[in-house]
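Breakdown of the fold
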Amino acid sequence: ALNNGTYQGGGMGSQTAALSTGGKASPTAYSAKTEEYDGSSWTEVEDLPTAISYFVTMGTQTAGLVAAGAPVRRNETYEYDGTNWTSGGNLNTGRKQGGGWGIQTAALHTGGEKPTICADTEEYNGSSWSEEGDMNTARANNSGFGVLTDGVIVGGGPEATQTAEEYNGTSWTATNALNTDRQAMAMSGVGV
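Now for a description of the structure that goes with this document. Every chain begins its residue count from 1, and numbering advances along the sequence as written. Only residues with pLDDT of at least 70 get local features here, since the model is predicted, and only at 80 or more are side-chain atom pairs given and counted; chain-wide, interface and lining totals rely on the full set of residues. The side-chain figures draw on all heavy atoms in the structure; neither hydrogens nor water molecules are used.

1. Digging into the overall build of the protein chain
- Each helix and strand counted, the protein chain has zero helices and 18 strands in total.
- C-alpha atoms of the protein chain, sized along the principal axes, occupy 40 × 30 × 30 Å.
- Any residue under 20% of the maximum accessible area for its type is buried, any over 50% is exposed, and the rest in between are partly exposed; the area is computed with a 1.4 Å probe on protein chains only. The proportion of buried residues among the 192 residues of the protein chain is 45%.
- Here, residues are in contact when the closest pair of their heavy atoms is within 4.5 Å. A sequence separation of at least 24 residues applies to 42% of the contacts in the protein chain between residues at least 6 apart.
- Total accessible area on the protein chain is roughly 8700 Å²; 46% of this is exposed by carbon and sulfur atoms.
- Charge assignment: positive for Lys and Arg, negative for Asp and Glu; neither His nor the chain ends contribute. Charge coordinates come from a single atom per side chain, which is NZ of Lys, CZ of Arg, CG of Asp or CD of Glu. One finds the centroid of the 9 positive side-chain charges in the protein chain at a distance of 9 Å from the centroid of its 21 negative side-chain charges. Only DSSP runs of H or I covering at least 4 residues are called helices, and only runs of E covering at least 2 are called strands; the numbering of each starts at the N terminus. With residues, only the protein chains shown are counted as cover, and all accessible areas are computed by Shrake-Rupley using a 1.4 Å probe.

Here's what the structure looks like:
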């Protein structure tokens with residue numbers, strides 16, 4: 001079991017080298033706690049620089065990335081090197097409850113609430129974010145998987161949806177929808 005009970009946080013990594021970070025410890029208390037998993041047990045490590053939830057995570061246990069989040073609509077990015085958290089480049093637009101995927105040096109963040117639901121898409125190159133083509137459908141609480149130039153975003157809200165879109169590194173294309181309406185899912189994998 002984790003050492004700290006939280007929800008609405010984020011995770012990254014693999015089955016034997018994972019990271020759990022942030023989230024909420026109660027309905028009114030945000031968490032900065034970070035724990036590493038070695039395949040059998042969790043160990044507390046350095047906390048995030050600030051207590052947040054509703055953010056997007058990308059990367060691995062030794063090269064992780066956290067972007068956006070709440071409270072308020074944040075534009076900060078934090079990078080994890082396996083020991084320490086440091087500040088990365090800021091998103092152009094602060095938001096929470098978006099989706100994304102990628103690695104620390106090639107990541108994508110899309111959608112979210114700023115405060116209205118948006119379709120904004122930004123790419124991260126390891127130091128700065130750049131605005132790219134918007135999704136076809138504005139949404140928050142969306143989930144994604146893939147690599148920077150080949151990924152899929154699915155579900156989302158404000159009302160749960162079946163909508164799915166593929167990203168090719170430049171633009172979005174509608175693809176086969178989910179079988180059921182969903183939002184705020186956990187996703188993983190690189191997809192093909």
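2. Thoughts on the pattern of salt bridges
- Criterion for a salt bridge: a side-chain nitrogen of Lys or Arg within 4 Å of a carboxyl oxygen of Asp or Glu. Summed over the entire model, instances satisfying the criterion amount to seven salt bridges.
- For Lys-33, the salt bridge goes to Glu-44, with nearest N and O atoms at 3.9 Å. Of this pair, Lys-33 sits in the loop between strand 4 (29-30) and strand 5 (34-37) while Glu-44 sits in strand 6 (residues 42-45); the two residues are 11 residues apart in sequence, bridging distant segments of the chain.
- The shortest N-O distance in the salt bridge between Arg-139 and Glu-165 comes to 2.7 Å. Within this pair, whereas Arg-139 is found in the loop between strand 14 (129-132) and strand 15 (143-147), its partner Glu-165 is found in strand 17 (residues 164-167), the two being separated by 26 residues in sequence. Each of the two residues, Arg-139 as well as Glu-165, counts as buried.
- In the salt-bridge network here, residues are joined through shared partners; they are Arg-73, Lys-96 and Glu-113.

3. A word on the packing of aromatic side chains
- Within 6.5 Å between ring centres, the rings of Phe, Tyr and Trp (the latter by its six-membered ring) count as paired, and their orientation is classed by plane angle as stacked under 30 degrees, edge-to-face over 60, tilted in between. Evaluated as defined, the whole model comprises five aromatic pairs.
- Between Tyr-80 and Trp-85, the aromatic rings sit 4.8 Å apart at their centres with planes inclined by 40°, giving tilted as the arrangement.
- Given a relative accessible area of 1%, Tyr-80 falls into the buried group.
- Ring geometry for Trp-101 and Trp-172: centres 6.1 Å apart, planes at 70°, overall edge-to-face. Taken together, the residues span a long stretch of sequence, with Trp-101 in strand 11 (residues 99-103) and Trp-172 in strand 18 (residues 172-174) at a distance of 71 residues.
- On the accessibility criterion, Trp-172 (7% relative accessible area) is buried.
- Two conditions define a charge sitting above a ring: the NZ of Lys or the CZ of Arg must be within 6 Å of the ring centre, and it must be within 35 degrees of the ring normal. In this structure, Lys-24 is placed above the aromatic ring of Tyr-30, and the distance from its NZ or CZ to the ring centre is 5.0 Å.
- Sitting over the ring of Tyr-54, Lys-96 keeps its end group 5.7 Å from the ring centre.

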